[in-house]
Amino acid sequence: MGLCARAFAAGYDRFGERAARAGLARARRDLLAAARGRVLEIGAGTGRNVRHYPADADVTFTEPDPHMARRLRAQEVEVIAATADHLPFADDSFDTVVSTLVLCTVPDVPAALDEIRRVLAPGGRLLFLEHVRAAPGTRLERWQNRLHGPWRAFACGCNCNRDLLASLEARGFALDEVRYEEWRFMPPLVRPVVLGAASGQ
């Protein structure tokens, strides 16, 4: 994974700029406008969200990959090396947790969601923007399942067929707001996207 991770980090911003112009930047900005209080961003990558937070946002960034983290630190933010399933924070530490295009690569999604719930303060919310499994029974869903293995190898651990909303509900989150989109500027296997908020209850 070392070579893959280095190559992925190097190419992420080039792809990100194209996607940003096509609509991803607007989606990030709209999502992050709802960030309140103490904010934790998991898997912050190279920092594509940094510029889109409200000016007064108090954000803690985590990123486990050193190649991504190096690019993130270049934006003059503090970065904590931590995975989503082992967050080094006390219970009830944050009012908002942010996850954008992260949970597709997390090895243990239930453990990560349990950690997010643990660090969320009462009344806190998870803001998410993630690509997901296509609608059941569709041709795209069949292709996602068929090509999952090759895609995961190509995209450095990205899983193209995860049902995030089902995972959230299974771990005790209440879905507050959800919007489904299909992003034509993304590769076909990862075009179905959900954006929204969930409370840890």
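Trainee: Even after reading the chapter, I still don't get the overall build of the chain, so can you show me in this structure?
Mentor: Counting secondary structure elements, the chain contains six helices and seven strands. When the helices and strands of the chain are placed in sequence order, the string is α-β-β-α-β-β-α-β-α-α-α-β-β. Residue pairs at least 24 apart in sequence account for 68% of intrachain contacts in the chain once pairs closer than 6 positions are excluded. Summed over its atoms, the accessible surface of the chain is roughly 9800 Å², and 53% of this surface lies on carbon and sulfur atoms.

Trainee: What is the right way to look at the pairing of strand β5 (residues 120-131) in this model?
Mentor: Walk down a regular strand and you will see the side chains alternate between the two sheet faces. Summarising burial for β5: nine of the 12 residues are buried, a large majority. One ladder, built from six bridges, connects strand β4 (residues 94-100) with β5; its direction is parallel. Counted as the bridge partner of T96 is R125 from β5. As a crossover connection, the stretch from β4 through helix α3 (residues 109-119) into β5 is right-handed. In this sheet, strand β7 (residues 192-199) lies alongside β5 in antiparallel orientation, the contact comprising seven bridges. By the bridge assignment for β7, R125 is matched with S199.

Trainee: What is the right way to read the nonpolar core from this model?
Mentor: Nonpolar side chains in soluble globular proteins tend to end up buried together. In terms of nonpolar packing, the biggest core is built from 31 residues, with Y53, F61, L72, L129, W151 and W183 touching the most fellow members. When contributions to this core are tallied by element, the ones reaching two or more residues are α1 (2-32), β2 (58-62), α2 (66-73), β5 and β7. The biggest single contributor to this core is α1, with four residues. Apart from residues no more than four positions distant in its own chain, L72 is found in contact with A44, G45, T46, G47, V50, F61, E63, V77 and V79. Counting residues in each nonpolar core, the second largest holds 25 residues, with V102, V109, F128 and V194 among its members.

Trainee: Looking at this structure, how should I read α3?
Mentor: Helical geometry note: an α-helix holds 3.6 residues per turn, so side chains three or four residues apart project in the same direction. For α3, the complete set of buried residues consists of V109, A112, L113, E115, I116 and V119. An end-on view of α3 places all buried positions within 155° of arc, on one side of the element. Buried positions along α3 lie against β1 (38-41), β4, β5 and α6 (164-170). The residue sitting at the N-terminus of α3 and contributing the capping side-chain oxygen is D108; that oxygen lies 3.1 Å from the backbone nitrogen of A111.

Trainee: Would you mind going over the sheet that holds β2 with me for this structure?
Mentor: The pairing of strands in a sheet happens through backbone hydrogen bonds and is either parallel or antiparallel. Strand order in the open sheet formed by seven strands is β3-β2-β1-β4-β5-β7-β6, and the pairing between neighbours is mixed. Each edge of the open sheet carries a strand with a single partner, namely β3 (79-80) and β6 (174-182). Across eight bridges, the pairing between β6 and β7 is antiparallel. Each residue of the ladder has a partner; that of E182, found in β7, is P192. Along the sheet face, α3 touches β1, β4 and β5 and points at about 145° away from the line of β5.

Trainee: Can you help me understand the environment of R28 in this one?
Mentor: Mapped onto the secondary structure, R28 falls in helix α1. For the pair R28 and T100, spaced 72 residues apart in the sequence, the C-alpha separation amounts to 8.0 Å.

Trainee: So what exactly am I meant to see when it comes to the packing of aromatic side chains here?
Mentor: Aromatic ring pairs are described here by two measures, namely the spacing of the ring centres and the angle between the planes. Under the criterion given, the structure shown has four aromatic pairs. With centroids separated by 6.1 Å and ring planes inclined at 80°, the aromatic side chains of Y53 and F61 adopt a geometry described as edge-to-face. Classification of Y53 by relative accessible area gives buried; the value is 9%. Of the residues examined, F61 reaches a relative accessible area of 5% and is grouped as buried. Both rings, one in W151 and one in F154, keep their centres 5.6 Å apart while their planes meet at 50°; by these two values the pair is tilted. Pair noted here: W151 and F154 are both in helix α5 (residues 148-154), with a separation of three residues, about one helical turn. For F154, a relative accessible area of 63% puts it in the exposed group. When the ring centre of W143 is taken as reference, the NZ or CZ atom of R146 above it lies at 4.5 Å.

Rules and cut-offs
Residues numbered from 1 in each chain as written. Predicted model: local features only at pLDDT ≥ 70, side-chain atom pairs only at ≥ 80, totals over all residues. Heavy atoms only, no water. Helix = DSSP H or I, 4+ residues; strand = E, 2+ residues; numbered from the N terminus. Contact = heavy atoms within 4.5 Å. Areas by Shrake-Rupley, 256 points an atom, 1.4 Å probe, with all protein chains shown as cover. Buried < 20%, exposed > 50% of the residue type's maximum accessible area, 1.4 Å probe, protein only. Pairing = 2+ DSSP bridges. Right-handed = clockwise from strand over helix to strand, strands pointing away. Core = buried A, V, L, I, M, F, W, Y, C linked by side-chain atoms within 4.5 Å. Arc of directions from axis to C-beta. Polar contact = N/O pair within 3.5 Å; in protein donor to acceptor, adjacent residues only side chain to side chain. Axes fitted to C-alpha atoms, helices over the stretch in contact; angles between N-to-C directions. Phe/Tyr/Trp six-rings, centres within 6.5 Å; stacked < 30°, edge-to-face > 60°. Lys NZ or Arg CZ within 6 Å of the ring centre and 35° of its normal.

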